[in-house]
Amino acid sequence: MGKCEQCIVREFSSLKALNKDELVKLAECKTSRTIKKGKPIFEEGDVVNGIYCITSGICKMSKLSANGKDQIVKLIKAGELLGQRSMISDEPANLSAVALEDMEVCFIPKSEVMNMFDSNNQFSMNMMKTICGDLKEASEHMVSISQKTVKERLAETLIYLAETFGKNTDGSLGIQLSREELAGMIGTATESCIRLLSDFNKLGLIELQGKKITIKDLNKLKRIAD
């Protein structure tokens, strides 16, 4: 059983407001689980009776459209929490969370989180700020989808991936997405995404090696994105 007070999620999330006693309580009531790549943590419509702390790995938050396409709304990495919104609003999850690589997550039941919500002002404030931040991101994503071209959105997404997940030692993006997943992030057909990546490659903006993408000209990408 990992110690909550030494956990990465505690440093980067609303949980940083919890005191020693609250963290000990947390450690006693949480359950840890491994989620294999491609498996869901929860699915759209599930009742999520608590919050998930991501200790390692990355997952995608996505919505299945009427035509069966997976629209990826955002990516969640280690150090973040999942499920706060549905837990507080008492509604089923409006998105699915699926592991993009093997993940370690801890689940904290709703009753325990709500106790801390009532007793720790800073914790509830932090969680509200996080949810407000998520709302802001969601509206920016909607604006981007409706006002930007697919080319601009691809440039924007590649920059986001570089800034959020860093680089591997060989300079390639630290997160490897399939072409289909990348297309799901920019809201286009996989074929269009592949064509655009190839255009970016020819222009010398990026370099492609199998699934790997290396950004070669960040400034030009930024000019396209804006």
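Residues numbered from 1 in each chain as written. Predicted model: local features only at pLDDT ≥ 70, side-chain atom pairs only at ≥ 80, totals over all residues. Heavy atoms only, no water.

K.L.:
Help me understand the overall build of the protein chain, please; the structure alone is not making it clear to me.
P.N.:
Each helix and strand in the protein chain was counted, giving nine helices and 10 strands. Taken against the 2.2 N^0.38 rule, which gives 17 Å for 226 residues, the C-alpha radius of gyration of the protein chain at 19 Å falls within 12% of a compact globule. Across its three principal directions, the C-alpha atoms of the protein chain cover 55 × 40 × 30 Å. Residue pairs at least 24 apart in sequence account for 68% of intrachain contacts in the protein chain once pairs closer than 6 positions are excluded. Accessible surface, the protein chain: about 12100 Å² in total, of which carbon and sulfur atoms supply 51%. Each charge class in the protein chain was averaged separately, 32 positive and 31 negative side chains, and the resulting centres sit 5 Å apart. (Helix = DSSP H or I, 4+ residues; strand = E, 2+ residues; numbered from the N terminus. Rg over C-alpha atoms; globule rule 2.2 N^0.38 Å. Contact = heavy atoms within 4.5 Å. Areas by Shrake-Rupley, 256 points an atom, 1.4 Å probe, with all protein chains shown as cover. Lys, Arg positive; Asp, Glu negative; His and termini not counted. Charge placed at Lys NZ, Arg CZ, Asp CG, Glu CD.)

K.L.:
What exactly am I supposed to notice about the packing of aromatic side chains here?
P.N.:
Two descriptors summarise a pair of aromatic rings, namely the distance from one centre to the other and the angle between the planes of the rings. What the rule picks out here adds up to four aromatic pairs. Geometrically, the ring pair formed by phenylalanine 42 and tyrosine 52 is tilted, given 5.9 Å between the ring centres and 35 degrees between the ring planes. One end of the pair, phenylalanine 42, is in strand β2 (residues 40–42); the other, tyrosine 52, is in strand β3 (residues 50–56), with 10 residues separating them in the sequence. Residues phenylalanine 42 and tyrosine 52 agree in their burial class; the two are buried. (Phe/Tyr/Trp six-rings, centres within 6.5 Å; stacked < 30°, edge-to-face > 60°. Buried < 20%, exposed > 50% of the residue type's maximum accessible area, 1.4 Å probe, protein only.)

K.L.:
Help me understand the UniProt feature "domain: Cyclic nucleotide-binding" (unreviewed entry) in the protein chain, please; the structure alone is not making it clear to me.
P.N.:
UniProt's entry tags residues 14–117 with the feature "domain: Cyclic nucleotide-binding" (unreviewed entry), counted in the numbering of this structure. Spanning residues 14–117, this segment combines 23% helix with 41% strand, and its end C-alpha atoms are found 11 Å apart. (UniProt positions renumbered as here; feature names shortened; annotations may be inferred.)

K.L.:
Looking at this model, I keep getting lost on the UniProt feature "domain: HTH crp-type" (unreviewed entry) in the protein chain. Mind explaining?
P.N.:
The residues that UniProt annotates with the feature "domain: HTH crp-type" (unreviewed entry) are residues 148–219. For the annotated span residues 148–219, helix accounts for 54% and strand for 11% of the residues, and the straight-line distance between the end C-alpha atoms is 18 Å.

K.L.:
Help me understand the nonpolar core, please; the structure alone is not making it clear to me.
P.N.:
Soluble, globular proteins show a tendency: their nonpolar side chains are buried together. The biggest cluster of nonpolar side chains holds 28 residues, and the ones touching the most others in it are Leu75, Leu158, Leu161, Leu182, Ile206 and Leu221. Put simply, the parts of the chain that give this core at least two residues each are β5 (70–77), α6 (150–165), α7 (179–186), α8 (190–202), β10 (212–215) and α9 (218–225). The dominant element in this core, judged by the number of residues it contributes, is α6, at seven residues. Residue contacts for leucine 75: discarding those within four places in its chain leaves Ile58, Cys59, Lys60, Glu80, Leu100, Tyr160, Leu161, Phe165, Ile175 and Met185. Grouped together as the second largest cluster of nonpolar side chains are 21 residues, Cys4, Leu15, Leu23 and Ile51 included. (Core = buried A, V, L, I, M, F, W, Y, C linked by side-chain atoms within 4.5 Å.)

K.L.:
I'm lost on the pattern of salt bridges in this one. Help?
P.N.:
One side chain can pair with another of opposite charge once the charged atoms of both are near each other. Per the counting criterion, the structure on display carries 13 salt bridges. Salt-bridge contacts for lysine 77 lead to glutamate 80; the nearest nitrogen and oxygen are separated by 3.7 Å. On the basis of relative accessibility, which here comes to 30%, the residue lysine 77 falls in the partly exposed class. Salt-bridge contacts for lysine 110 lead to aspartate 90; the nearest nitrogen and oxygen are separated by 2.7 Å. Highlighted residues: lysine 110 in helix α4 (residues 110–119) and aspartate 90 in the loop between α3 (84–89) and β7 (96–99), separated in sequence by 20 residues. Among the residues examined, aspartate 90 registers a relative accessible area of 61% and is labelled exposed. Each of the salt bridges in this network shares a partner with another, and the network as a whole consists of Lys74, Asp134 and Glu137. (Salt bridge = Lys/Arg side-chain N within 4 Å of Asp/Glu carboxyl O.)

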